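Structure at a glance
For reference, the chains in residue letters:
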Amino acid sequence: MTHSELPITIVAIDDDAMILELVRDGLAQEGVEILTSTDAQSGLELVLRRRAQIVMLDLMMPHLSGMEVLERIVEADPGIDVILLTGHYSTDSAVEAIQKGACDYLTKPVSIDKLRERVGSLLADARQRQRALQSERALLEASLFEGIVGQSPLMLEVFARIRRVAPHFRTVLVTGATGTGKELAARALHRLSPAASGPFVVVNCAAVVETLFESELFGHVRGAFTGATQDKVGMFEYAQGGTLMLDEIGDTPLATQSKLLRVLQTQEVQRVGSPAVRKLDVRVIGATNRDLETLGAEKKFRDDLYYRLSMVEIKLPRLAERKEDLPLLERHFLERFAAEYHKPLAHLTRRAQSVLARYPWPGNVRELENVLGLACMMAEADAVDVRDLPERFHGPVPRSPGEDEELGTLDEAQRRHARRVLERAGGNKAQAAEILGISRSTLYCLLAEKDPEPRIKP
């Protein structure tokens, strides 16, 4: 064990104290903590309290059966590896155990060499998961760009463009679907610009009442219109020396667009009702999830304003276009919400990651943030599982556009099922064949057809 690795905790639960002594003596090694219990309920509490990574569990125990303990362990944290031990083997109970989440099912008496081999494989997996978690954290730190997470080629290109543009821009257009992070990109542009010490001001153009638009942006003087009882500073003046973000700029009324264009061209502003001209030093970022060219063709957005804004355009990709960033984003939000909710959340379970990976994410990064925010709030263990996700993830998950369905012949379905059972059996072909109710030679033939190199977990 290296200094950076944490000890692995193994809990053995069996009403036979001699077996527990055998486990303690036979599996003792550096970096492994072995705890035991002869009582099922006490053992379950020990597993959850000490956050065990591996559990060895007797199937037949008084008061609380091993199968019941298995169910409660998997419900609390499906990332725990559970080995069931029994002196009364049956195919039905083996199938039930694997289906309920056991990683192995061994018949007593178990030789200590076989137990060492199986536990050694699980310890190697646990160490690998620890290293992967540390690598994820290091990679996340390296993948943060001004608060934006990304390592995909599309996002690296966005980051490079922001770096090149930030020192020089006067106007920039940031485009992308809802939830892709347009405001984060705008803030990055501001922080890397010479105006970083000035204010960063955001106006949501979709939320401004049309009749008050000019007053909101440019300000007004007292008496300029009914209700103007005092002078008002507009957002352009408020952002003096800094950056003004016009979010959803496609919703700006046509009547205001010509005046906005003039302000961008002259860097001067006139308050409504005043002839006085005020000089500006403001960088302007327009952001939109709409196609401004299409709006221009429909006479809903001025072409000249679009050309002025789009001298430099930064387009943000959808989350579905950069799925390789999904694990980093999951880690980012998990750590953020763990700190916010004061919970020891360490990771997402593999099945939760699988479900999230198959989802098309129409709401992009913002939807992922909301999903994981709720999941972290609901999680009771140190891992976020499928049950913690919103209801729409509990049934069949919609696939991303273009993702192939697992359709095919009955033979192909049989091969897929055989591979899944073999994986659940830890690569043990004899056990997989017994679970499937077929001979080992039949299993070999089934896996060999059109799949000469089946993927088997170590």
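Overview of the structure. (Residues numbered from 1 in each chain as written. Predicted model: local features only at pLDDT ≥ 70, side-chain atom pairs only at ≥ 80, totals over all residues. Heavy atoms only, no water.)

1. Here we look at the overall build of the protein
Note the cut-off: A run of DSSP states H or I qualifies as a helix once it reaches four residues; a run of E qualifies as a strand once it reaches two. Both are numbered from the N-terminal end. Contact criterion: two residues are considered in contact whenever any of their non-hydrogen atoms come within 4.5 Å of each other. The protein chains shown are the only cover counted for residues, whose accessible areas, like all others here, come from Shrake-Rupley with a 1.4 Å probe.
Helix and strand content of the protein: 18 helices and 18 strands. Within the protein, residue pairs in contact and separated by at least 24 positions form 70% of the contacts whose partners lie at least 6 positions apart. Surface exposure of the protein reaches about 23,000 Å², of which carbon and sulfur atoms provide 52%.

2. With respect to the sheet that holds strand E9 (residues 200-204)
Let me state the cut-off plainly: What makes two strands pair is DSSP finding at least two bridges between them. Lines are fitted to the C-alpha atoms to define the axes, a helix being fitted only along its stretch in contact, and any angle between axes, read from their N-to-C directions, falls within 0 to 180 degrees.
Strands sit in the order E9-E12-E15-E8-E16 across an open sheet of five strands; the sheet is parallel. A single partner strand is all that each edge strand has here, and the edge strands are E9 and strand E16 (313-315). Averaged over all pairs of adjacent strands, the angle between strand axes in this sheet comes to 20°, irrespective of strand direction. Looking at chain direction, strand E8 (residues 171-175) and E16 are connected through three bridges and run parallel. Across the sheet, Val174 pairs through a bridge with Ile314, a residue of E16. Here helix H6 (residues 153-165) sits on the sheet and contacts E8 and E16; the angle it forms with E16, its principal contact strand, is near 160°.

3. Points about the environment of Arg318
Spelled out, the test is: Accessible area is worked out with a 1.4 Å probe on protein chains only. A residue is then buried under 20% of its type maximum, exposed over 50%, and partly exposed in between.
You can see Arg318 is positioned in the loop between E16 and helix H13 (326-341). The exposure class of Arg318 is partly exposed, given its relative accessible area of 43%. Residues Arg318 and Gly181, 137 residues apart in the sequence, show an inter-C-alpha distance of 9.6 Å.

4. Some details on the pattern of salt bridges
The following threshold applies: Note on definitions: salt bridges are taken to be side-chain nitrogens of Lys or Arg within 4 Å of carboxyl oxygens of Asp or Glu.
Following the criterion strictly, the structure yields 24 salt bridges and no others. Of the charged contacts, one joins Glu146 and Arg191 as a salt bridge, the two residues approaching to 2.8 Å between their closest N and O atoms. One end of the pair, Glu146, is in the loop between strand E6 (144-145) and strand E7 (148-149); the other, Arg191, is in helix H7 (residues 182-191), and 45 residues separate them in sequence. A salt bridge links Arg164 to Glu157, with the nearest nitrogen and oxygen atoms 3.6 Å apart. With a relative accessible area of 45%, Glu157 lands in the partly exposed category. Through salt bridges that share partners, Asp14, Asp58 and Lys108 make up one connected network.

5. Focus: the packing of helix H2 (residues 40-49) against helix H3 (residues 66-76)
Spelled out, the test is: Working rule for angles: under 35 degrees goes down as roughly parallel, over 145 as roughly antiparallel, 65 to 115 as roughly perpendicular, anything else as oblique. We call a crossing left-handed when the near helix sits turned anticlockwise from the far one by less than a right angle, and right-handed when that turn is clockwise. Under the convention adopted here, Pro, Cys and the residues Ala, Val, Leu, Ile, Met, Phe, Trp and Tyr are nonpolar, Asp, Glu, Lys and Arg are charged, and Gly plus all remaining residues are polar.
One can describe the packing of H2 onto H3 by two numbers: an axis separation of 11 Å at closest approach and a directional angle of 15°. Considering their axes alone, H2 and H3 lie roughly parallel with respect to each other. Judged by the twist between their axes, the crossing of H2 over H3 is right-handed. Together, Ala40, Gln41, Leu44, Val47 and Leu48 of H2 and Val69, Arg72, Ile73 and Ala76 of H3 make up the contact between the two elements. Looking at the contact of H2 with H3 residue by residue, the classes come out as seven nonpolar, one polar and one charged.

6. Observations concerning the sheet that holds strand E5 (residues 104-107)
Strand order in this open sheet of five strands is E2-E1-E3-E4-E5, and the pairing throughout is parallel. Two strands bound the open sheet, and with one partner strand each, they are strand E2 (32-37) and E5. Taken over all neighbouring pairs, the strand axes of this sheet differ in orientation by 20° on average, direction set aside. Note: strand E1 (residues 8-13) against strand E3 (residues 54-58), four bridges, orientation parallel. Each bridged residue has a counterpart across the sheet, and for Ala12 the counterpart in E3 is Met56. Docked against the sheet, helix H1 (residues 17-27) engages E1, E2 and E3, running at close to 175° with respect to E2.

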